[in-house]
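Take a look at the letters that make up each chain.
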Amino acid sequence: MTLTADGSREIFQGTPYGVAPEIRVSINRSVSMGYSETRDSVTAQVKEQADIVQIIGESVDLKRAGARFLGRCPFHGEKTPSFSVHPGQQFYYCFGCGESGDVFSFMMKYHNLDFPTALQELARRYQIELPEKHYSPAEQEKENLRKAMYAVNEKAARLFREYLLQAKGAAQARAYLERRGIPPDIQEKFQLGYAPAVESVGWNFLGSSLQGEESAAAEAVGLLVRNDKGGTYDRFRDRILFPIFDPKGRITGFGGRIVGDGQPKYMNSPESLVFDKSRSLLGLFQQAPEIRSRQRAVLVEGNFDLISLVVHGCPNVVAPLGTALTRPQLKLLRHYADNVILLFDGDAAGVKAAVRSVPLFLAEQMSAKIALLPSGHDPDTFIREKGQEEMERLLDSAVPLAEFALTKLIEEHGLSLDGKNRIVEELRPLAQAAASPLQRSVVIAHFSEKLGVPARQLSDLLADHSPVTPPAVTHPAPRGIPAGRPYPAGAQTREEHQFGRSGRGGINLNVAQKRLVAHMVLYPSHFLRLEQVGLRQRLACGVGEVLFLQLQALHAKGRELEPEELLAALPEGEERALVAEILLAASSTDSGSTHCSGTEEELAELLLWLKREELKEMERILTAEIENVPRDEHETVVRLLQEKQKIDKELRALE
C-alpha cells in the first residue's frame, strides 16, 4: 500500500492492463471545450473502453452464462450465483438483492470511492487523459490546505508510532498495551502510537518536529494548540493514539486514550476540514474486507473493545468515536453490509443508546439486531474471559432492534391505557423514520400486534400529519400472448428449430434446455414447480440460467406473471432477443392444433425428466464417493451403498 500525492493510500495493487504503476493520469489542458463538456466526453470514453467483466472479475469469480457472466454477489451473502455482468450492455445486476449499475457504480460501491476518484482510477488504467478542473483562488487554497492536513496527520502518526516502538519514555504505554493483550501485529495493523507525557519531552514534542506550513496545517487539524503567548503546544499528551482513517486510507484525525491519571479518558481530534467524527468509524478501513465478506458488521462503543475483538478472532467490527451513532455513519457502513449487530453493555445507558438508534436504521433500510452483554462485562472483558465461541453465540442470539426497543418500552411503561399512550408517543419517531410506505406499514403491523391496538388505529396515532407522497404507478406491460395460451406438445420439435438457431455466440442450448427454456418462458405459472425439482441445475452456465434468475426475481414479487412481462423486464441483448423469438414462435403456432389441449401433460413430463436427472446426478456423486472411500472404512462404504441402492430404486420406479 503506497501513499499518493493527495495523501490517500493506493487501493489497487497491480495493473492487469499492462499499465505501469508509475504512470499517472495526465492532464488535458483543453482550451477549445469547457471543463464540463470535456469531462462528460472523457467519462463516456472511459466507460466505453473499460472492460466491465475484467474490472468486476478482479473482485468476483465470474463464469460465462450465455451472453452474460454470473458470480456470487459481492454486495450480499449468497451461496449460489445470482450476480450477472453483461459485457455487451456494460452493466451488472443482482437478481438476489437488486444491486445494479455500470462500471463506475461498481467501482464506487465495492471500493467505496466517490465518482471523481473512480473516474480517475479507470482513466489511469486505460491511459486516458482527464481534463483539468479550474479552481478559483479560494477553492485552490482550500484544496491545498486539505492536502497539507492529510500529510501532517500522516507524519504525526509516523512520529507517534516510532516513539511508541523505540523511546524509553513509552515504556509505560508499551506495558499498558501488553496488559490489554494487544500483540505487535495488531498494533501495526491499526498504526497505534503514543504521544509522550510532558514529563518526558515537554509540551512541544510534535511541534518541534514540524516546520513552516506543516505547523500551520497541524494547528488547523488540531494537533497543535495555540497558547496565550502566540506559541503552540501538543494537544495529545501521555495518550495511546488511534489514527482514524477514512475509506480511502487517509488519516483524518486521532483518538487518544490516556495512559496515566487524568481526564478525559478518551479524546478525539477536533472537527476540521478533513475530520468529522459523526461521519467516521474507527476500524472501518482496516476491517472493511471482513465486513463485506461476512455481510455483517458488529458495532461496539469503545476503541479497545474493537481492538480486543479483532485480536480474539472477531474481525468484522467497527466503532463510532465516543459519540451516539449517526445516520452518516450508517450510510458509510452500508457500502459494505446491510446487516449490523449492536454489541452494547447491558446497563441502562447501553439500552438507551440502542433504542435511540432504531430510527436511523429504519431510515437507511438496514437490518439491525442487538446483543446485550451480561452485567459487569464490556466486549473486551467478555471475549477475553469467555472466548471467541461464546462471543459468536452471543452475536448469533441477537434480537431484532425494533422488537427489542418495543419490548423495553413495554417493560418501562406497561400495557395499561396510560402506558400504551406513552409507548405510542415514543414509537412515533420510529414509524416516521421508515424509508417507505411499505416499510412503515410493516413496522406498524408488528407494533400493533404487540400492543393489541388495531393497525389502522395505530397508524392514525403515529401519523405525523404531513403530506404523503404516493408511490409511483407501474404500468402493466402490453399484453402479447393471452394467459393460458397452449404450447402444443406436438410442436415442440418445430419450436426447438424456431428459436435459438441464430448462431449468436451467447446462445448455446441443447435440445433439452431449449424445451425447458421455452416452457418456463411461456408458462411462468409452472416456474415454481420446475424450480423445486432442479430446473436451475439443468440450465447452469448458459443463457437459460440468466432467464431463470430473472423469472425468479419476478416471482419474488408475489403475483401471477404473464409471459410478456419477462420480455419487458429484460434489457436489450441476447437474452431479450431469445425470449422474443420464443414468444414469436408460440404466437405463430396454430392454436387449433389437436396435439395438446393444455400443458399439464407436458409439465408432468418435464417434472419427471427433471426428477430423473436430479437422481442421476446424485447417483454419480455417490458413485464417486464410494470409489474414493478408503478400503478400511467399511461402515462408510455400506452407508453409501445403501443410499445408492435407494436412489437406484427410485430411478427404476420412474422408468
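Right, let's walk through the structure included here. (Residues numbered from 1 in each chain as written. Predicted model: local features only at pLDDT ≥ 70, side-chain atom pairs only at ≥ 80, totals over all residues. Heavy atoms only, no water.)

### Notes on unusual backbone geometry
Here is step 1: Across the junction of Gln263 and Pro264, the peptide omega takes the value -5°, indicating a cis bond.
Here is step 2: Among the secondary structure elements, Pro264 is positioned in the loop between strand S12 (251-258) and strand S13 (266-268).
Here is step 3: Here the phi dihedral of Asn112 falls at roughly 55°; this positive angle occurs in a residue that is not glycine.
Here is step 4: Relative to the assigned elements, Asn112 resides in the loop between helix H3 (103-110) and helix H4 (115-125).
Here is step 5: Asn112 sits in the buried class, given a relative accessible area of 9%. (Helix = DSSP H or I, 4+ residues; strand = E, 2+ residues; numbered from the N terminus. Buried < 20%, exposed > 50% of the residue type's maximum accessible area, 1.4 Å probe, protein only.)

### Thoughts on the environment of Phe106
Here is step 1: Relative to the assigned elements, Phe106 resides in helix H3.
Here is step 2: For the pair Phe106 and Ala118, spaced 12 residues apart in sequence, the C-alpha to C-alpha distance is 9.1 Å.
Here is step 3: Not counting chain neighbours up to four residues away, the residues in contact with Phe106 comprise Ile55, Ile56, Ser59, Val60, Pro74, Phe75, Phe83, Tyr92 and His111. (Contact = heavy atoms within 4.5 Å.)

### Focus on the pattern of salt bridges
Here is step 1: With the rule as written, the count across this model stands at 33 salt bridges.
Here is step 2: With its nearest N and O atoms 3.1 Å apart, the salt bridge here joins Lys155 to Glu214. On the criterion of sequence distance, the pair formed by Lys155 in helix H5 (residues 137-166) and Glu214 in helix H9 (residues 213-221) is long-range, its members being 59 residues apart.
Here is step 3: We note a salt bridge from Lys331 to Glu364, for which the minimum N-O separation is 3.1 Å. With Lys331 in helix H12 (residues 327-333) and Glu364 in helix H13 (residues 348-364), this pair connects stretches of sequence that are 33 residues apart.
Here is step 4: The class of Lys331 is partly exposed, set by a relative accessible area of 43%.
Here is step 5: Glu364 gets classed as buried once you look at its relative accessible area, which sits at 5%.
Here is step 6: Taken together, the shared-partner salt bridges in this structure form one network comprising Glu58, Glu121, Arg124 and Arg125. (Salt bridge = Lys/Arg side-chain N within 4 Å of Asp/Glu carboxyl O.)

### Notes on the pairing of strand S11 (residues 239-245)
Here is step 1: With 7 of 7 residues buried, S11 is to be regarded as a mostly interior element.
Here is step 2: Of the two faces of S11, the one lined by Arg239, Leu241, Pro243 and Phe245 and the one lined by Ile240, Phe242 and Ile244 are each fully buried.
Here is step 3: Relative to S12, S11 runs antiparallel, the two sharing 7 bridges. Across the sheet, residue Ile244 finds its bridge partner in S12, namely Gly253.
Here is step 4: What sits between the antiparallel neighbours S11 and S12 is a turn of 5 residues, in which Gly249 has the positive phi angle 90°. (Pairing = 2+ DSSP bridges.)

### Let's talk about the sheet that holds strand S18 (residues 399-400)
Here is step 1: An order of S15-S14-S16-S17-S18 is seen for the 5 strands of this open sheet, with the pairing classed as mixed. A single partner strand is all that each edge strand has here, and the edge strands are strand S15 (317-318) and S18.
Here is step 2: Inspection of the sheet shows strand S17 (residues 367-372) paired to S18 by 2 bridges, in the antiparallel sense. Its bridge partner lying in S18, Lys369 is registered against Pro400.

### Describing the packing of aromatic side chains
Here is step 1: Applying the stated criterion across every chain, the model contains 19 aromatic pairs.
Here is step 2: Here Tyr92 and Phe106 contribute two aromatic rings whose centre-to-centre distance is 5.9 Å and whose plane-to-plane angle is 80°, an arrangement assigned as edge-to-face. Note that Tyr92 is positioned in strand S5 (residues 91-94) and Phe106 in helix H3, a separation of 14 residues in sequence.
Here is step 3: You can call Tyr92 buried: its relative accessible area is 1%.
Here is step 4: Between Phe106 and Tyr110, the aromatic rings sit 5.3 Å apart at their centres with planes inclined by 5°, giving stacked as the arrangement. A residue pair is termed a helical-turn pair when its members lie 3 or 4 positions apart in one helix, as Phe106 and Tyr110 do in helix H3 at 4 residues. For the pair Phe106 and Tyr110, one class covers both residues: buried.
Here is step 5: Here a set of aromatic residues connected by ring pairs shows up, and it is made of Phe160, Tyr163, Tyr194, Phe205, Phe236 and Phe254.
Here is step 6: The lysine or arginine in question, Lys109, covers the ring of Phe75, its NZ or CZ lying 5.2 Å from the ring centre.
Here is step 7: The ring of Tyr110 carries the charged tip of Arg292 above its face, separated from the ring centre by 4.1 Å. (Phe/Tyr/Trp six-rings, centres within 6.5 Å; stacked < 30°, edge-to-face > 60°. Lys NZ or Arg CZ within 6 Å of the ring centre and 35° of its normal.)

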